[in-house]
Every structure is written in C-alpha cells, then in structure tokens.
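Reading the structure
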Amino acid sequence: MSSTFSLTLKDILEIKPEVVVLPWGATEAHNYHLPYSTDVTEAFEVAAQSCEIANSKGAKTVCYPAVPFGANAQQLDQHITVSLSVKTMYAILEDVCTSLTKQGVKKLVIYNFHGGNEFKPFIRDLMGKFEVFILLIDAFRMIPEEVDEIFDVPGDHAGELETSLMMYIKGNISKSEAGEGKRNDYNLNALSESGIWSPRPWSKIHPDTGSGNPVLADAEKGKKYFERLTEKTAEIFLELSNTPFERLP
Ligand SMILES: [Zn+2]
C-alpha cells in the first residue's frame, strides 16, 4: 500500500513523493450500527487506495494516517465525542506545512470525509504564507452522478451511502440495530431558505444521530461506490503529481 503504515525509508527514497495526502475524519456517533470512527476509516481507506492506483500509473504520492478528530462542536452531548477547535485544526495544518516545506514537498492534499470540517479559510491563509499548493478534496461531495445512480437515498450521515461503504470496507457491519436516520424540522423557518445557514444541533435534529435511512444499504453498492470514488480520486492525484509546482494551479 502507498501509505506510511507500510512504506519504509527505503520505499520513500525510491518514490520521492511529489504529493502527500492527509486524510481527515472525525470520531462521532453514526446511528446505532456504524463505528464511531467511520469517517476515519473511509477517509484513510479511500485515500490510500487512490494513491495506490495513481502510483501504479506513474504518480508519486504518499498517504498519511488520517487525522482522527474533526469539528464536532454541535455533537458534544454525545458520549466520548472529541471536537477539535478551529485553532487546533489550523495549528495541525500549519505544522504540516512547516515540516513539509523544509523537505521540499510542495503539494499537499487534504482528503476530507467529515461534513463539519471546513478548511477553505485555512488554505487561503497557509498558501499565502508557505510555498505550498494545497488541494482540498471533500470526498463525500465527489461523483454526485454516480452517487445518484448507485444509491436510492444516499443520506448524508450513516445513511445508505455510508453504511454501504462501511459494509464493503469492514465486511462485519450489521444493520439490525440501526435507527431510521430521521431528520426533525427546525423551529426557525428561515433555515429552510436557500443561502441561510446555522449548524445543526445534531441530537435535536437527528434523534438516532443518523441522517438518512440505511435500510437499503449493501456491500455491493459500497464496492461500486468505493471503486468509482478511488478511480476518480486517483485521476486527480495523478494530474497533481504530474503538474510541475510552478505551473499550478
Ligand atoms: Zn460519517
């Protein structure tokens, strides 16, 4: 695998990485049937396999372990949830940029699998400070047409899509304990208007913590989605690896 869980110094010296990939997840409740670290597993497994595919086509990428915590300030009423503050997330990214630019690595991908994680202001700031190109991939927003084709009702948290993906990756997921992933209405009507936003107080809006019903999930759908997502991601990694830094973007 093209991740630091298996690559040795010898391997790294051979690859001479052009692109480093930092998967980023979260540790949070995912209805009653999926593991807390679902987003960590998804971010890492998809990113690592994408590096593997890209490298087999000539890319020079390396995948780090996933950052295990994310922005979960609206879920702190749920047991053992840890939320990273904006300060902490920025500090992690700044330290990554400080470290990598000392070694001449100038292309960083953030491979994000948690909806609450926001990176855009950080990236604008860091690219102004460091000689580094940062590409943000919100993986759960990718390949929308394929998502529509594969899933009946994908859902956005522990629903059909995520459950299928985890059934494929982990193989031992049972849906028997799952709730329906229902969403309660807001009291504030304004929040249904386009362009109006406030974070979801998660347990209030989603009583079983799921958003989307996992009932139609299966491993076959998960496999299809994993394959299409890794294929598309690998194309992006390959293009980024092959494009000289001076010519980016
Ligand atoms: Zn998730």
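Residues numbered from 1 in each chain as written. Predicted model: local features only at pLDDT ≥ 70, side-chain atom pairs only at ≥ 80, totals over all residues. Heavy atoms only, no water.

1. With respect to the overall build of the protein chain
The helix and strand inventory of the protein chain stands at 8 helices and 4 strands. Counting from the amino terminus, the protein chain carries its helices and strands in the arrangement α-β-α-β-α-β-α-β-α-α-α-α. By principal-axis analysis of the C-alpha atoms, the protein chain measures approximately 50 × 35 × 35 Å. Put simply, the protein chain has 249 residues, and 48% of those count as buried. Taking the contacts inside the protein chain whose residues are at least 6 apart along the sequence as the reference set, 79% of them involve residues at least 24 apart. When the accessible surface of the protein chain is totalled, it reaches about 12800 Å², and 53% of it is carbon and sulfur. Both charge centroids of the protein chain, one from 24 positive and one from 35 negative side chains, sit 5 Å from each other. (Helix = DSSP H or I, 4+ residues; strand = E, 2+ residues; numbered from the N terminus. Buried < 20%, exposed > 50% of the residue type's maximum accessible area, 1.4 Å probe, protein only. Contact = heavy atoms within 4.5 Å. Areas by Shrake-Rupley, 256 points an atom, 1.4 Å probe, with all protein chains shown as cover. Lys, Arg positive; Asp, Glu negative; His and termini not counted. Charge placed at Lys NZ, Arg CZ, Asp CG, Glu CD.)

2. Some remarks on the coordination of the zinc ion
Working reference: metal with six octahedral donors, ideal angles 90 or 180 degrees; metal with four tetrahedral donors, ideal angle 109.5 degrees. At 1.9 to 2.1 Å from the zinc ion lie its protein donor atoms, namely His30 (NE2), Asp39 (OD) and Glu162 (OE). The sequence motif formed by the donor residues of the zinc ion is H-x8-D-x122-E. Judged by relative accessible area, His30 falls into the buried class, the value being 0%. By relative accessible area, Asp39 is classed as buried at 2%. (Donors = N, O, S within 2.8 Å, 3.2 Å for Na, K, Ca; no water.)

3. Digging into the packing of aromatic side chains
In the structure shown here, the tally under the stated rule is 8 aromatic pairs. An angle of 70° between the planes, with centres 5.7 Å apart, marks the rings of Phe151 and Tyr225 as edge-to-face. You can see Phe151 sitting in the loop between helix 5 (144-150) and helix 6 (160-170) and its partner Tyr225 sitting in helix 8 (residues 219-242), a full 74 residues away along the chain. Ring geometry for Tyr168 and Phe226: centres 5.4 Å apart, planes at 55°, overall tilted. Here Tyr168, found in helix 6, pairs with Phe226, found in helix 8; they are 58 residues apart in sequence, far enough to count as distant. By way of ring pairs, the aromatic residues Trp24, Tyr90, Phe119 and Phe122 are connected into one cluster. (Phe/Tyr/Trp six-rings, centres within 6.5 Å; stacked < 30°, edge-to-face > 60°.)

4. Let's talk about the side chain of Thr230
Along the chain, the position of Thr230 falls in helix 8. Ignoring anything within four residues of it in the chain, the contact list for Thr230 reads Val46, Gln49, Ser50 and Ile53.

5. Considerations on the pattern of salt bridges
A full pass over the atoms with the stated rule returns 13 salt bridges. With its nearest N and O atoms 3.6 Å apart, the salt bridge here joins Asp125 to Lys129. Here the residue Asp125 and the residue Lys129 both occupy positions in helix 4 (residues 120-129), the gap between them amounting to 4 residues, near one helical turn. Here Arg141 ties to Asp138 by a salt bridge, and the two come within 3.5 Å at their closest N and O atoms. (Salt bridge = Lys/Arg side-chain N within 4 Å of Asp/Glu carboxyl O.)

6. Some points on unusual backbone geometry
With an omega of -5°, the peptide bond between Leu248 and Pro249 qualifies as cis. Along the chain, the position of Pro249 falls in the segment after helix 8. Residues other than glycine seldom take positive phi values, yet Lys16 does so here, at roughly 45°. Tracing the sequence through the fold places Lys16 in the loop between helix 1 (9-15) and strand 1 (19-24). Phi angles above zero are rare outside glycine, and Ile143 is one such case at about 40°. By relative accessible area, Ile143 is classed as buried at 9%.

7. Section: the environment of Val132
Tracing the backbone shows Val132 in the loop between helix 4 and strand 4 (133-138). Classification of Val132 by relative accessible area gives buried; the value is 7%. Each C-alpha atom, one on Val132 and one on Lys107, is 5.9 Å from the other, the two residues being 25 residues apart in sequence. In this structure, Val132 is in contact with Cys97, Thr101, Lys106, Leu108, Leu126, Met127 and Phe245, ignoring residues within four places of it in sequence.

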